[in-house]
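Understanding the architecture of this molecule
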Protein chains: 2
Amino acid sequence: MIMSRIEAPRDEDTGNLVDRLLTGLPAGSVLSDPDVTASYATDMASFCPAGAPAVVVLPRTVEEVQHVLRVATELRVPVVPQGARTGLSGAANATDGCVVLSLVRMDRILEIDPVDRIAVVEPGVVNATLSRAVAAHGLAYPPDPSSWETCTIGGNIGTASGGLCCVKYGVTAEYVLGLDVVLADGRLMSTGRRTAKGVAGYDLTRLFVGSEGSLGVVVRAVLALKPEPPRQLVLAAEFPSARAACDAVCAIMAGGHVPSLLELMDRTTVRAVNALTGMGLPETTEALLLAAFDTHDPAADLAAVGALCEAAGATEVVPADDLAESELLLQARRAALPALEAVKGTTMIDDVCVPRSRLGDLIEGIERIAGKHRLTIGVCAHAGDGNTHPTVCFDASDPDESRRARASFDEIMALGLELGGTITGEHGVGVLKKEWLAREIGPVGLELQRQIKQVFDPLGILNPGKLF
Amino acid sequence: MIMSRIEAPRDEDTGNLVDRLLTGLPAGSVLSDPDVTASYATDMASFCPAGAPAVVVLPRTVEEVQHVLRVATELRVPVVPQGARTGLSGAANATDGCVVLSLVRMDRILEIDPVDRIAVVEPGVVNATLSRAVAAHGLAYPPDPSSWETCTIGGNIGTASGGLCCVKYGVTAEYVLGLDVVLADGRLMSTGRRTAKGVAGYDLTRLFVGSEGSLGVVVRAVLALKPEPPRQLVLAAEFPSARAACDAVCAIMAGGHVPSLLELMDRTTVRAVNALTGMGLPETTEALLLAAFDTHDPAADLAAVGALCEAAGATEVVPADDLAESELLLQARRAALPALEAVKGTTMIDDVCVPRSRLGDLIEGIERIAGKHRLTIGVCAHAGDGNTHPTVCFDASDPDESRRARASFDEIMALGLELGGTITGEHGVGVLKKEWLAREIGPVGLELQRQIKQVFDPLGILNPGKLF
């Protein structure tokens with residue numbers, strides 16, 4: 001319904017659009033060579049349609065962003081905000097004739113305050129850059145998506161991204177205190193606060209987090225920081241079945257433990273990691289569980305958790321002796337997605353999250369679905385959060401296998417909902433799952449969400465065709 | 001503007017309203033005796049106008065709440081949702097001719113799950129009841145407003161309430177995962193999730209938290225729980241000035257410490273507590289700081305923090321020897337508001353929160369304002385959060401003193417905003433601060449907030465006259 005208001009501009013329109021943009025942006029910030037703009041068409045999701053941008057703009061200031069939105073409003077041209085395009089749902093994919101609004105040049109860290117424990121940043125700051133900068137002050141910015149070395153804070157906010165540390169430290173949303181946002185019509189609005197607490201009015205800050213650029217463009221964020229924790233020590237446990245590993249996860253959480261990481265890799269994933277990296281992980285295991293603690297006595301915590309793993313049937317429990325060994329185990333986990341990608345050339349990465357008590361049911365169900373469709377599906381999971389990334393490995397040049405990949409992907413989401421879960425724990429809806437959003441939130445919720453979109457973006461120019 | 005659509009019903013209207021309500025509610029759940037309904041007119045805020053309810057309803061089921069909203073929509077009658085009416089901003093105050101919708105009889109704890117670390121509750125569950133119930137499972141529901149022995153979870157959600165533990169454990173909003181909400185027209189909607197993570201669509205859950213019953217009526221909540229921490233050990237430090245105590249707060253937070261409580265009481269408050277309780281706190285101190293840790297070695301943490309207090313000028317640092325002594329110190333802090341109320345019969349409790357680095361400036365400014373208006377203003381503060389409760393003690397029968405009390409209250413909020421803070425850290429806007437909301441969030445933010453209200457409540461029947 002929003003899409004219907006937008007028509008793909010004709011060529012003379014594009015010329016006019018570029019001319020109007022250049023009245024408020026330096027020439028080097030407006031790219032209109034089709035070969036160049038085409039390279040901004042997609043993020044990292046598979047199976048998501050993308051259009052050809054009319055123009056890519058790379059503003060450096062809030063005023064320049066306001067100018068872009070004013071021109072887009074005037075000319076009724078869609079605007080697709082982008083960070084580093086590491087997203088996995090197509091939320092940053094271009095639409096035909098759009099302005100791609102890349103925020104990567106707004107990459108300044110404006111403030112780090114150890115007393116107030118906040119950082120103030122522009123949206124193009126890379127996650128790892130911020131993490132290292134605050135570490136120099138003894139502080140941590142915990143959210144750590146797998147793409148943390150390249151993804152931007154603006155993208156993290158737009159997609160409400162998660163990471164490995166969430167089981168202890170929570171997700172991006174919990175670290176966003178306040179925002180400056182440029183609205184669809186170019187007006188600038190501040191939301192939230194720079195204080196530890198604050199409840200003045202509706203929480204618009206949180207509404208923007210995860211809104212995938214559909215409500216406004218974040219141009220500045222006030223982020224909460226934590227004191228830097230001690231380095232974590234990791235334990236690896238081998239299980240004869242995924243179910244046994246999930247039983248261990250339940251026992252660990254029911255036992256009141258607070259691991260800083262609790263990750264699961266199934267046999268397919270372990271073998272893929274070995275094939276890619278030659279790491280020599282145990283190939284006979286059905287499931288490898290990694291648990292970590294960054295407490296005052298991680299060895300004691302690992303011993304307690306190791307005993308719970310053994311009680312759940314672990315055949316081998318190996319606590320890392322030191323930080324170097326721990327880091328190696330984490331590298332194995334971080335290699336999971338690239339390793340699975342190498343299996344058959346293409347992957348579809350899902351993001352289903354269930355109550356952790358249902359994790360075993362979900363993983364067994366995924367095994368059934370893989371068997372039924374004769375597919376290789378590797379599962380790695382933020383097990384402590386019940387958040388799985390079932391990854392379908394397929395040959396994109398084989399139409400039948402591609403069709404089966406897509407079918408299995410849908411069946412896994414349906415199973416997730418059936419188990420009381422969500423279609424997306426941390427990757428977002430974007431283009432990939434928009435048919436599924438209605439199924440999760442229901443018609444009343446969907447209607448209200450559309451009306452909220454209408455309030456912020458009455459012309460429907462902000463990232464149209466995403467989410468709904 | 002929303003108010004203008006509502007007319008106070010005439011007497012025959014009230015008869016009709018009661019009859020319509022009785023078609024879907026048992027007789028004992030509909031109270032229309034004016035003496036009884038009048039007792040539901042206000043929460044605990046001072047200086048907030050309240051009207052006379054036409055009727056009070058006390059539903060026990062979701063269906064009954066839906067019936068009430070359908071009748072209210074049909075008859076265009078305002079509905080004022082209420083919990084235990086312990087709020088401090090007038091957000092639960094009745095308007096003339098309204099239906100007071102008291103949720104206190106919906107008080108069942110539906111589920112406590114130690115693996116998923118969630119509780120599912122109805123809105124009328126008392127905070128302390130839930131805390132004790134989850135403690136039996138080794139779990140904690142941290143948010144602990146001062147009124148925790150009587151306030152309800154529904155009220156906590158409506159006002160986004162805080163408490164003493166927030167400096168380490170955060171506020172109510174951070175514990176609300178999902179909600180069932182009855183909308184203004186009686187439709188039932190579910191938001192959010194029961195999983196640890198989830199980012200499907202806009203975060204409507206968070207929009208309801210702190211919305212003071214103006215967007216919908218919460219009838220069920222999925223709450224996150226934490227493992228129960230060890231009991232906390234408390235230290236008391238005496239300072240020769242509030243500024244020195246605030247310097248200590250800054251040093252503690254900059255030093256990377258994570259206290260489970262960090263509270264400040266000024267001399268006025270300390271004396272008031274002694275007068276009320278005979279506790280024998282040190283009356284010569286200008287500021288008393290309480291710090292607590294619930295870590296594995298709280299004595300070591302208290303020693304480190306004690307040293308920082310001494311470096312900031314503390315004249316006396318007394319760590320509690322045991323849990324009993326710690327509990328006594330906490331009782332002193334909890335007695336602060338009743339003690340200040342006893343000083344002159346009436347209090348106006350403010351709730352200004354500033355970046356903690358500006359806490360000293362705020363408290364010195366409050367002292368100046370008290371002097372200028374010849375008033376007694378006691379300050380107790382969740383110092384670790386920069387959240388102060390300056391409490392104006394006055395004689396309500398003295399019109400001039402009342403006027404000066406109100407003037408000082410406004411000046412304190414203006415100072416808070418000037419220092420980069422917010423008019424409300426945890427008590428909400430309600431009636432008390434609605435003129436101030438626009439000043440904090442600005443015209444663009446206010447316009448969007450009003451439009452969001454319009455989306456959820458197009459007839460303006462939900463708690464009209466609050467927030468805006």
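Residues numbered from 1 in each chain as written. Chains lettered and ligands numbered in written order. Predicted model: local features only at pLDDT ≥ 70, side-chain atom pairs only at ≥ 80, totals over all residues. Heavy atoms only, no water.

**A short note on the sheet that holds strand S18 (residues 387-394) of chain A**
All names here are of chain A.
- The sheet built from 7 strands is open, its strands ordered S15-S12-S14-S13-S17-S18-S16 with antiparallel pairing. The sheet is open, and its two edges are formed by strand S15 (316-319) and strand S16 (346-349), each paired on a single side. For this sheet, the mean inter-axis angle between neighbouring strands, taken without regard to orientation, is 15°.
- The pairing of strand S17 (residues 376-382) with S18 spans 7 bridges and is classified as antiparallel. Among the inter-strand pairings, Thr376 is bridged to a residue of S18, identified as Cys393.
- Its contacts with the sheet put helix H11 (residues 323-334) on strand S12 (233-239), strand S13 (261-266), strand S14 (287-293), S15, S17 and S18, and the angle it makes with S12 is roughly 55°. (Pairing = 2+ DSSP bridges. Helix = DSSP H or I, 4+ residues; strand = E, 2+ residues; numbered from the N terminus. Axes fitted to C-alpha atoms, helices over the stretch in contact; angles between N-to-C directions. Contact = heavy atoms within 4.5 Å.)

**Some thoughts on the relation of the copies chain A and chain B**
- When chain A is fitted to chain B, the best match, at an RMSD of 0.0 Å, comes from turning it 180° and sliding it 0.0 Å along the axis. What the superposition gives is, in effect, a two-fold axis relating one chain to the other. (Least-squares fit on C-alpha atoms with pLDDT ≥ 70 in both.)

**Re the sheet that holds strand S6 (residues 118-121) of chain A**
All names here are of chain A.
- With respect to topology, 5 strands assemble into an open sheet ordered S5-S6-S10-S8-S9, the strand pairing being antiparallel. Two strands lie at the open edges of the sheet, namely strand S5 (109-113) and strand S9 (188-192), each paired on one side alone. For this sheet, the mean angle separating the axes of adjacent strands, direction not counted, is 10°.
- When strand S8 (residues 176-182) meets S9, the two strands line up antiparallel, connected through 5 bridges. Directly across from Asp180, in S9, lies its bridge partner Ser190.

**Concerning the packing of aromatic side chains**
- Under the counting rule described, the total for this entry stands at 8 aromatic pairs over all chains.
- Geometrically, the ring pair formed by Phe208 of chain A and Phe456 of chain A is edge-to-face, given 5.4 Å between the ring centres and 80° between the ring planes. Taken together, the residues span a long stretch of sequence, with Phe208 of chain A in helix H7 (residues 204-208) and Phe456 of chain A in helix H15 (residues 434-456) at a distance of 248 residues.
- Since its relative accessible area comes to 2%, Phe208 of chain A is described here as buried.
- Taking 6.0 Å as the distance between ring centres and 75° as the angle between the ring planes, the aromatic pair formed by Tyr141 of chain B and Tyr175 of chain B counts as edge-to-face. Here Tyr141 of chain B is found in the loop between strand S7 (139-140) and helix H5 (153-159), whereas its partner Tyr175 of chain B is found in the loop between helix H6 (166-169) and strand S8 (176-182), with 34 residues between them in sequence.
- The buried category is assigned to Tyr175 of chain B, whose relative accessible area is 3%.
- The cationic tip of Arg406 of chain B hangs over the ring face of Phe47 of chain B; the distance from NZ or CZ to the ring centre is 5.9 Å. (Phe/Tyr/Trp six-rings, centres within 6.5 Å; stacked < 30°, edge-to-face > 60°. Buried < 20%, exposed > 50% of the residue type's maximum accessible area, 1.4 Å probe, protein only. Lys NZ or Arg CZ within 6 Å of the ring centre and 35° of its normal.)

**Thoughts on the interface of chain A and chain B**
- Between chain A and chain B, the residue contacts involve 73 residues of the former and 73 residues of the latter.
- Contact between chain A and chain B buries roughly 5,800 Å² in total, counting both sides, with carbon and sulfur atoms accounting for 63%.
- Of all residues in chain A, Lys197, Val199 and Tyr202 of chain A bury the most surface against chain B, accounting for 17% of the area lost on that side.
- In this assembly, chain A and chain B are joined by 8 salt bridges.
- Between Arg206 of chain B and Asp203 of chain A there is a salt bridge whose closest N-O contact spans 3.0 Å.
- Along the contact surface separating chain A from chain B lie 27 residue pairs in polar contact (both at pLDDT 80 or more).
- Secondary-structure elements contributing two or more residues to the side of chain A that touches chain B are S9, H7, helix H8 (242-254) and H15 of chain A.
- Among the elements that line the side of chain A that touches chain B, the one with the most residues is H15 of chain A, at 13 residues.
- Grouping the amino acids of the side of chain A that touches chain B by side-chain chemistry returns 35 nonpolar, 24 polar and 14 charged. (Buried area = accessible area lost by both parts, 1.4 Å probe. Salt bridge = Lys/Arg side-chain N within 4 Å of Asp/Glu carboxyl O. Polar contact = N/O pair within 3.5 Å; in protein donor to acceptor, adjacent residues only side chain to side chain. Nonpolar A, V, L, I, M, F, W, Y, C, P; charged D, E, K, R; others polar.)

**Focus: the pattern of salt bridges**
All names here are of chain A.
- In total, this model carries 50 salt bridges over all chains according to the counting rule given.
- Glu283 is the partner of Arg271 in a salt bridge, and the nearest nitrogen-oxygen pair spans 3.9 Å. A residue pair is termed long-range when its members are at least 10 positions apart, and Arg271 in helix H9 (residues 267-277) and Glu283 in the loop between H9 and S14 qualify at 12 residues.
- Through salt bridges that share partners, Arg243, Arg358, Asp361 and Glu364 make up one connected network.

**A word on the side chain of Asp180 of chain B**
Residue and element names in this part refer to chain B.
- Position of Asp180 relative to the elements: it lies in strand S8.
- Classification of Asp180 by relative accessible area gives buried; the value is 12%.
- A distance of 2.8 Å separates the side chain of Asp180 from the side chain of Ser190, its partner in a polar contact.
- Apart from the residues within four sequence positions on either side, Asp180 is in contact with Leu188, Met189, Ser190, Val217, Val218, Val219 and Arg220.

**Quick look at the environment of Thr73 of chain B**
All names here are of chain B.
- Within the secondary structure layout, Thr73 lies in helix H3 (residues 62-75).
- Note on Thr73: relative accessible area 17%, which makes it buried.
- In this structure, the C-alpha to C-alpha distance between Thr73 and Asp185, residues 112 residues apart in sequence, is 5.7 Å.
- Thr73 has contacts with Ala184, Asp185, Leu459 and Ile461, leaving out every residue within four places of it along the chain.
- Looking at Thr73, its side chain comes within polar contact range of the main-chain oxygen of Ala184, at 2.7 Å.

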